[in-house]
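Spelled out from the first residue to the last, the chains are:
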Amino acid sequence: MLRDPLQRLAALGVAAVVAGGIAVPAYAASSGHGTEKAKHVLLLSVDGLHQSDLTWYVRNHPHSALAALVSGATSYTRASTPLPSDSFPGMVAQVTGGNPKTTGVYYDDSFNHRLLPPGTTKCAGVTPGTEVNYTESLDKNTDSIDAGQGLPGLPGGVLAMTGKPQTLIDPAKLPVDPTTCKPVYPHQYLKVNTVFEVARKHGLRTAWSDKHAAYELLNGPSGTGIDDLFTPEINSLATGFSGDWTQDNAATQQYDGYKVRAVLNEIDGYDHSRATKAGTPAVFGMNFQSVSTAEKLPVSGGKTGGYLPGGTVPGPVLSGALDFVDAQVGRLVAELRAHGLTKRTAIILSAKHGQSPKEPEALTRLDDGAIIDALNAAWTAAHPGAKPLVAFSTDDDALQLWLSDRSQAAADFARKFLLTHPATGNTITGATRTLQASGLTKVYAGTGAAKLFGSSDPGRPDLFGFVQHGVVYTGKKAKIAEHGGNDPQDRNVPLVVSVPGGHGAADNGKVETTQIAPTILRLLGLDPKELKAVRVEHTRALSTR
């Protein structure tokens, strides 16, 4: 009796399963045993997707593309992202095998005590310490989906966007290296190499698609790891919608659709624009944003965002976003099958981060600006004439501070203040709610922060606070969930590895998304130890069946 869903579908002669209204072939299973070396690895990162979401979706949509993928794959149900659980360290982990202590990448918008401010041209005598902002703000034109390339026919014409987005970054917005007195591009900030660089070193083609030109970071220190990097700007103005592409889930789905089209073109053997025949890449893939915005938006298209009360069942906007991602996965698998590539392609599905809180009733939005102002006022009162203690902060659902005074005494002052300061915010209904300890449960400061991250890197936060479950730092009411902290809902993401000739299995052991990188290289027949972070952290490849 055939118990595996994919084998059963094949035995019945069913060529497709229906996912989101699109016919998609069942993926996965040859009758062989063991793991065959892949010629291609397709990596799909679905921002915001929790392991619990995938479990719920597969259970309630047993004939979906995601269910078919999972049924022929190894699912690591206790996978964890790095801390902080932000997009930059989350994505970097997947392609380097390293945590921030090794990669040097702690957040997309952070601070570095060594670097000099953007625009510095005469570096002698300049006081070090500056914001390192590797977000959409680097674009030559932040309002345009092509980041300022000047393409006609936008937004649909964005497929013609360059595969070398470094050219779309304004160097005057970059931090400056005090040694060379030159701007530091994102790829130069990364301290270790990537799977893309290793693959290219062995003559293999690489491609990736993500949300900002700043993701040229993934090129690695060489700056040349990715042959074809497609980065339409997600925070640009969305044509036909109000605001940017993240402010309406239908807009986000349209935006993600451009990246799906790029990957389909690459499966077909072209570059992302379909202008040049280049061959299907050995390592390629994309990042989805639709689930993430569906979790964050209170309302979209007149429907409620996030989860239903209790946090176990997606609400209407999120359900639609999951259906959308499912359909797109189906399209990609169908294209692989159409080109006879399924028996030569491994698919890895994961997420840069999850999001919290899932339960609407747990949400407390706190104004981090008011908390930091109070901390600075207390510091100035105790130290007349001193500059504000907080040099920079990035606070989503963690409190991250870089301090102007890096002494342990200053760190202890900040920690004590935060843990004794009540903060008042608002709930999902807008009602007032006051939390003790600035909405925090633990605060690591100075040597405590160094121990937490295992690093004395000048880019590491001087203070890192774990929030009480449900806290989101924002002065507005435009979002109901966030990521970046240590909440299990931020960090427990899916990790599904489907390999040629593999079998469906669930692995409940603890693993990390850093293990994706050495797994990619092993599947391609390359040595994972060619990755510096793998050597430093002894990151192990995942076992696959």
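Structure shown above.
Keep in mind the model is a prediction, meaning the values are calculated, not measured.

Caption draft 1: Fine view of the pairing of strand 18 (residues 423-426). Both strand 18 and strand 19 (residues 432-435) contribute to a ladder of four bridges, which runs antiparallel. The residue of strand 19 that forms the bridge with G425 is R433. The turn joining strand 18 and strand 19, which pair antiparallel and follow one another in sequence, is formed by five residues; a positive phi near 90° is taken by G430.

Caption draft 2: How the structure looks around the sheet that holds strand 21 (residues 463-467). Strand order in the open sheet formed by four strands is 16-17-21-20, and the pairing between neighbours is antiparallel. On the outer flanks of this sheet lie strand 16 (390-395) and strand 20 (440-445), each paired with one strand and no other. Across this sheet, the average inter-strand angle for adjacent strands is 15°, counted without regard to direction. Sitting on the sheet, helix 11 (residues 368-382) is in contact with strand 16 and strand 17 (398-403), with an inclination near 155° to strand 16. On the sheet, helix 12 (residues 408-420) packs against strand 17, strand 20 and strand 21 and is oriented at approximately 175° with respect to strand 20.

Caption draft 3: Fine view of the pattern of salt bridges. Summed over all chains, the structure comprises 11 salt bridges. D53 is the partner of K358 in a salt bridge, and the nearest nitrogen-oxygen pair spans 3.9 Å. Here D53 lies in helix 2 (residues 51-60) and K358 lies in the loop between strand 14 (345-350) and strand 15 (364-366), a separation of 305 residues in the sequence. Residue R406 pairs with D462 through a salt bridge whose shortest N-O separation is 2.9 Å. Taken as a pair, R406 in the loop between strand 17 and helix 12 and D462 in the loop between helix 13 (447-453) and strand 21 lie far apart in primary sequence, 56 residues in all. Residue R406 is classed as partly exposed on the basis of its relative accessible area of 41%.

The rules behind these values
- Residues numbered from 1 in each chain as written.
- Predicted model: local features only at pLDDT ≥ 70, side-chain atom pairs only at ≥ 80, totals over all residues.
- Heavy atoms only, no water.
- Pairing = 2+ DSSP bridges.
- Helix = DSSP H or I, 4+ residues; strand = E, 2+ residues; numbered from the N terminus.
- Axes fitted to C-alpha atoms, helices over the stretch in contact; angles between N-to-C directions.
- Contact = heavy atoms within 4.5 Å.
- Salt bridge = Lys/Arg side-chain N within 4 Å of Asp/Glu carboxyl O.
- Buried < 20%, exposed > 50% of the residue type's maximum accessible area, 1.4 Å probe, protein only.

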